[in-house]
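Examination of the molecular architecture
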Amino acid sequence: MRSWCPIVSLCGLTLGCAAPAAGTRFDVALRETGATCITTFEGRDLTNAELLEIARARVRKTPEAQVATKTVETPWRCVAGLIYTLQTAGFKKINFAALPSARR
């Protein structure tokens, strides 16, 4: 039984590192203005190239991204384009949330 202790400890450490810690997700906001899809990160509107560069750097810290919109009526082309960019950057899990107006 004693020989299992190091293995159990190692498994515990591995499982603890598998999930991102709170606050380490890559959070971006998405909105449409006219016919333009706009992605915002930390209060700054980004071009697709800027988003890809930042996302590639962030994916090293966490495999999870969170996309928030202020409406459920965000066009699918905007949502799909952002998801594609985040997947291209390497994110394995992308959450999507349409926030109610009170959380804007």
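As a starting point, this report considers the structure included with it.

Tracing the backbone through its elements, the reader meets phenylalanine 96 in strand E5 (residues 93-98). With 67 residues separating them along the chain, phenylalanine 96 and alanine 29 place their C-alpha atoms 9.7 Å apart. In contact with phenylalanine 96, not counting residues within four places along its chain, are Gln66, Val67, Thr69 and Val79.

What follows is about the pairing of strand E1 (residues 26-33). Judged from the 5 bridges that link them, E1 and strand E4 (residues 64-69) form a sheet pairing that is parallel. Bridge pairing links aspartate 27 to glutamine 66 in E4. Pairing between E1 and strand E2 (residues 36-41): 5 bridges, direction antiparallel. Bridge pairing links threonine 33 to threonine 36 in E2. Hairpin geometry of E1 and E2 is characterised by an intervening segment of 2 residues between the two adjacent antiparallel strands and by a positive phi of about 65° at glycine 34.

A few words on the sheet that holds E2. A sheet is described by the order of its strands in space; here 5 strands give the open sequence E3-E2-E1-E4-E5, paired in mixed fashion. Bordering the open sheet on either side are strand E3 (44-46) and E5, each of which pairs with just one other strand. Pairwise comparison of adjacent strand axes, ignoring direction, gives a mean angle of 30° for this sheet. Alignment of E2 against E3, held across 3 bridges, turns out to be antiparallel. Bridge assignment links threonine 40 to a residue of E3, and that residue is aspartate 45. Relative to E3, helix H2 (residues 48-58) is tilted by about 105°, and along the sheet it contacts E1, E2 and E3. The strands that helix H3 (residues 76-89) touches are E1, E2, E4 and E5; relative to E1, the one it contacts most, it runs at about 150°.

This part covers the packing of aromatic side chains. Counted according to the given criterion, the structure contains 2 aromatic pairs. For the pair phenylalanine 26 and phenylalanine 41, a centre-to-centre distance of 4.9 Å together with 40° between the ring planes defines the contact as tilted. Of this pair, phenylalanine 26 sits in strand E1 while phenylalanine 41 sits in strand E2; the two residues are 15 residues apart in sequence, bridging distant segments of the chain. Accessibility assignment for this pair places phenylalanine 26 and phenylalanine 41 in one class, buried. Centre to centre, the rings of phenylalanine 26 and phenylalanine 91 are 5.4 Å apart; their planes meet at 15°, and the pair counts as stacked. Taken as a pair, phenylalanine 26 in strand E1 and phenylalanine 91 in the loop between H3 and E5 lie far apart in primary sequence, 65 residues in all. Phenylalanine 91 matches phenylalanine 26 in its accessibility class, with the two residues each being buried. One aromatic cluster is present, built from ring pairs that chain together Phe26, Phe41 and Phe91.

Cut-offs used in this document
Residues numbered from 1 in each chain as written. Predicted model: local features only at pLDDT ≥ 70, side-chain atom pairs only at ≥ 80, totals over all residues. Heavy atoms only, no water. Helix = DSSP H or I, 4+ residues; strand = E, 2+ residues; numbered from the N terminus. Contact = heavy atoms within 4.5 Å. Pairing = 2+ DSSP bridges. Axes fitted to C-alpha atoms, helices over the stretch in contact; angles between N-to-C directions. Phe/Tyr/Trp six-rings, centres within 6.5 Å; stacked < 30°, edge-to-face > 60°. Buried < 20%, exposed > 50% of the residue type's maximum accessible area, 1.4 Å probe, protein only.

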